[in-house]
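Here is what each chain is made of, one letter per residue.
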Amino acid sequence: MLTKIMYVTVYVTDQDRALEFYADRLGLEKRIDHPGPDGRFLTVAVPGSPLEIILWPHAPAAGQPAERLAGATPGPVFIESDDLRADFEVLRERGVVFEQPEPEDYGFGIRIEAVDPDGNRISLRQRAAWQG
């Protein structure tokens, strides 16, 4: 029986640059950094979360949707916050680039899209109070 999702993959052109973004700017922790016969296996994760993001080397635009709709195309990874507006201010001060000038309210809470150095969208969300 399947028990959990272990990894999701984000394709990056420079693993060191991606690690700096995800660890130093977003505040994720580096979990695995192992050279192997198929290439460097590098993961990051939200502290305390069992799900890890693989930062896998690949050509630009790998894994990106062919057509983006402004505000309607989510990123490949959703990261939850318990206070997104406060986190937004901290992340912006660290140099994280966002697609909108401020987080916005929507039917399921608050949202904003960050962009990593390779143009991967990272969806940041805070659940609405009614979601518990």
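We now turn to the structure provided with this report. Everything quoted here is computed from the prediction, not taken from an experiment.

### Let's talk about the overall build of the chain
- Summing up its helical and strand segments, the chain has 2 helices and 9 strands in all.
- Secondary structure of the chain in N-to-C order comes out as β-α-β-β-β-β-α-β-β-β-β.
- Residue pairs at least 24 apart in sequence account for 51% of intrachain contacts in the chain once pairs closer than 6 positions are excluded.

### Brief notes about the nonpolar core
- Judged by nonpolar contacts, the single largest core of 25 residues is most densely connected at Tyr22, Leu26, Leu55, Phe98, Ile122 and Leu124.
- Those elements that provide at least two residues to this core are strand E1 (7-12), helix H1 (15-25), strand E3 (41-45), strand E4 (52-57), strand E5 (77-80), helix H2 (84-93), strand E8 (109-115) and strand E9 (121-127).
- Among the elements that take part in this core, H1 stands out by supplying 5 residues, more than any other.
- Not counting residues within four places of it along the chain, the set of residues in contact with Tyr22 comprises Val10, Gly27, Leu28, Val44, Leu55, Asp116, Asn120 and Ile122.

### Details of the pattern of salt bridges
- Within this structure, the stated rule accounts for 15 salt bridges.
- A salt bridge links Glu20 to Arg25; the shortest N-O distance between them is 3.2 Å.
- On the accessibility criterion, Arg25 (28% relative accessible area) is partly exposed.
- A salt bridge links Lys30 to Asp33; the nearest nitrogen and oxygen atoms lie 3.6 Å apart.
- Of the residues examined, Lys30 reaches a relative accessible area of 47% and is grouped as partly exposed.
- In this structure, a network of salt bridges that share partners links the residues Asp16, Lys30, Asp33 and Arg40.

### A word on H1
- Regarding H1, the residues found buried are Gln15, Ala18, Leu19, Phe21, Tyr22 and Ala23.
- Each element contacted by the buried residues of H1 is listed here: E1, strand E2 (29-34), E3, E4, E8 and E9.
- Capping the start of H1 is the job of one residue whose side-chain oxygen sits 3.0 Å from the backbone nitrogen of Asp16: Asp14.
- One or two steps after H1, the chain reaches Gly27, where phi turns positive at roughly 90°.

### A few points about the side chain of Ser81
- By the secondary structure assignment, Ser81 is in the loop between E5 and H2.
- Overall, Ser81 belongs to the buried group, its relative accessible area being 8%.
- Side-chain polar atoms of Ser81 contact the backbone nitrogen of Asp83, separated by 3.0 Å.
- There is a polar contact of 2.5 Å between the side chain of Ser81 and the side chain of Asp87.

The rules behind the values
Residues numbered from 1 in each chain as written. Predicted model: local features only at pLDDT ≥ 70, side-chain atom pairs only at ≥ 80, totals over all residues. Heavy atoms only, no water. Helix = DSSP H or I, 4+ residues; strand = E, 2+ residues; numbered from the N terminus. Contact = heavy atoms within 4.5 Å. Core = buried A, V, L, I, M, F, W, Y, C linked by side-chain atoms within 4.5 Å. Buried < 20%, exposed > 50% of the residue type's maximum accessible area, 1.4 Å probe, protein only. Salt bridge = Lys/Arg side-chain N within 4 Å of Asp/Glu carboxyl O. Polar contact = N/O pair within 3.5 Å; in protein donor to acceptor, adjacent residues only side chain to side chain.

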